[in-house]
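Chain residues, written in single-letter form:
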Amino acid sequence: ADALGRLRSLVFQTHSMEHELQAAWAHPGAEAAHVENEVVPGVRREAKSPDPRVKAVAVQKAAYLHMLGFDADWAAFPAVEAMSATRLQFKSAGYSAAATTFHPGTDVMLLIPNLLKKDLQGASALEACLALDCLANIATPELAQALVADVFGLLQSSKPIVRRRAALCLLRLLQQFPDGLRPCFKGLAGGLDDPDAGARAAAAALVALAAALATLY
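A brief look at the structure comes next. None of the values given here were measured: they were computed from a predicted structure.

What counts, and where the lines are drawn
Residues numbered from 1 in each chain as written. Predicted model: local features only at pLDDT ≥ 70, side-chain atom pairs only at ≥ 80, totals over all residues. Heavy atoms only, no water. Helix = DSSP H or I, 4+ residues; strand = E, 2+ residues; numbered from the N terminus. Buried < 20%, exposed > 50% of the residue type's maximum accessible area, 1.4 Å probe, protein only. Contact = heavy atoms within 4.5 Å. Areas by Shrake-Rupley, 256 points an atom, 1.4 Å probe, with all protein chains shown as cover. Core = buried A, V, L, I, M, F, W, Y, C linked by side-chain atoms within 4.5 Å. Salt bridge = Lys/Arg side-chain N within 4 Å of Asp/Glu carboxyl O. Expected span 1.5 Å × (residues − 1). Bend = angle between axes of the 7 residues up to and from the residue. Polar contact = N/O pair within 3.5 Å; in protein donor to acceptor, adjacent residues only side chain to side chain. Patch = residues over 30% accessible without salt bridge, like charges linked within 9 Å, V, L, I, M, F, W, Y side chains within 5 Å. Lys, Arg positive; Asp, Glu negative; His and termini not counted. Charge placed at Lys NZ, Arg CZ, Asp CG, Glu CD.

Broken down by element type, the protein chain carries twelve helices and zero strands. Start at the N end of the protein chain and walk to the C end: the helices and strands fall as α-α-α-α-α-α-α-α-α-α-α-α. Looking at the protein chain as a whole, 45% of its 217 residues qualify as buried. For the protein chain, contacts bridging at least 24 residues in sequence account for 63% of all contacts bridging at least 6. Total accessible area on the protein chain is roughly 11000 Å²; 55% of this is exposed by carbon and sulfur atoms.

Now for the nonpolar core. By size, the foremost hydrophobic cluster in this structure holds 52 residues, and its most contacted members are Phe102, Ile112, Leu135 and Val151. Within the residue set of this core, elements represented by two or more residues are α4 (52–67), α5 (76–83), α6 (88–101), α7 (113–121), α8 (125–138), α9 (141–153), α10 (160–176) and α12 (197–214). Among the elements that take part in this core, α10 stands out by supplying eight residues, more than any other. Sequence-distant contacts of Leu135, defined by excluding residues within four places in its chain, comprise Leu116, Leu143, Leu147, Val151, Cys169 and Leu173. Core analysis: the next-biggest nonpolar cluster, separate from the first, contains twelve residues, Val40, Val43, Trp74 and Ala75 among them.

Let us look at the pattern of salt bridges. The full count for this structure, using the stated rule, is seven salt bridges. For the salt bridge of Arg164 with Asp196, the shortest nitrogen-to-oxygen distance reads 2.7 Å. Of this pair, Arg164 sits in helix α10 while Asp196 is found in the loop between α11 (181–184) and α12, placing the two residues 32 residues apart along the sequence. For Arg164, a relative accessible area of 30% corresponds to the partly exposed category. Asp196 gets classed as buried once you look at its relative accessible area, which sits at 16%.

Burial analysis of α5 places six of its eight residues in the buried class, which makes it a mostly covered element. For α5, the full list of buried residues reads Ala76, Pro78, Ala79, Val80, Ala82 and Met83. Packed against the buried residues of α5 are α3 (31–47), α4, α6 and α7.

With that settled, consider α3. Because an α-helix completes one turn every 3.6 residues, residues spaced three or four positions apart along the sequence face the same direction. Compared with an ideal rise of 1.5 Å per residue, which puts 17 residues at 24 Å, α3 spans 22 Å between its outermost C-alpha atoms and is within 8% of the ideal. Of all the bends in α3, the largest measures some 35° and sits at Val39, one to four residues before the proline Pro41. Those residues of α3 that sit buried are His34, Val35, Val39, Val40, Gly42, Val43 and Ala47.

Let us look at the environment of Thr140. Looking at where Thr140 falls in the secondary structure, it is placed in the loop between α8 and α9. Thr140 gets classed as buried once you look at its relative accessible area, which sits at 7%. When sequence neighbours within four positions are dropped, the list of residues in contact with Thr140 reads Pro104, Met109 and Gln176. A distance of 3.2 Å separates a polar atom in the side chain of Thr140 from the backbone nitrogen of Leu143.

Note that Thr101 resides in helix α6. Engagement of the side chain of Thr101 in a polar contact is seen with the backbone oxygen of Ala97, the distance being 2.7 Å. In contact with Thr101, not counting residues within four places along its chain, are Ala62, Ala63, His66, Ala72 and Thr106.

Attention now moves to a negative patch on the surface. A cluster of acidic residues, Glu36, Asp71, Asp73 and Asp107, forms a negative patch on the protein surface. Looking at where Asp107 falls in the secondary structure, it is placed in the loop between α6 and α7. Judged by relative accessible area, Asp107 falls into the exposed class, the value being 67%.

Spelled out as structure tokens, the structure:
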């Protein structure tokens, strides 16, 4: 509910969306039809805009519509375009929309491993955190196999916020791809001595999962 409220506040910063949805709620019993016929087509047009700001807002709108129960698969490619933006504000919108709307059957999944890898390996801790948060939400066995080594490497980041997210993301990746445990098993226990309490807690959860997975071998 909190996430939905925050996203609602973001997308309502553009008055057109607010007015359209207010119009929908003014038609009891026909709200869904009004959104599908009046709101969604406008957002789809905005998602195709060459203006990165318009596109970023559009994919946030799509994520909000998805959370209301409407299909947003059409926004997958615009979300990837926003994820590729150089400006952090637009990149954040793309990653947020992807984390909210992507699923294993999303047809652009094959386009994102290199994009995620680039942000995971980049110099920006904020971009790495965006990629980690998104990956933890949308991980598939294929994505986990492709990126588990990059995420494991971030357990050694100098930034506590990155180490925390890397441990939690790795937890998700190993659930999706247990064989990823083999090359990194010996390095997991080091996180238990991390000076950051949040990173230690995440590492403890990761070690517990690793111990459970180890019984499978």
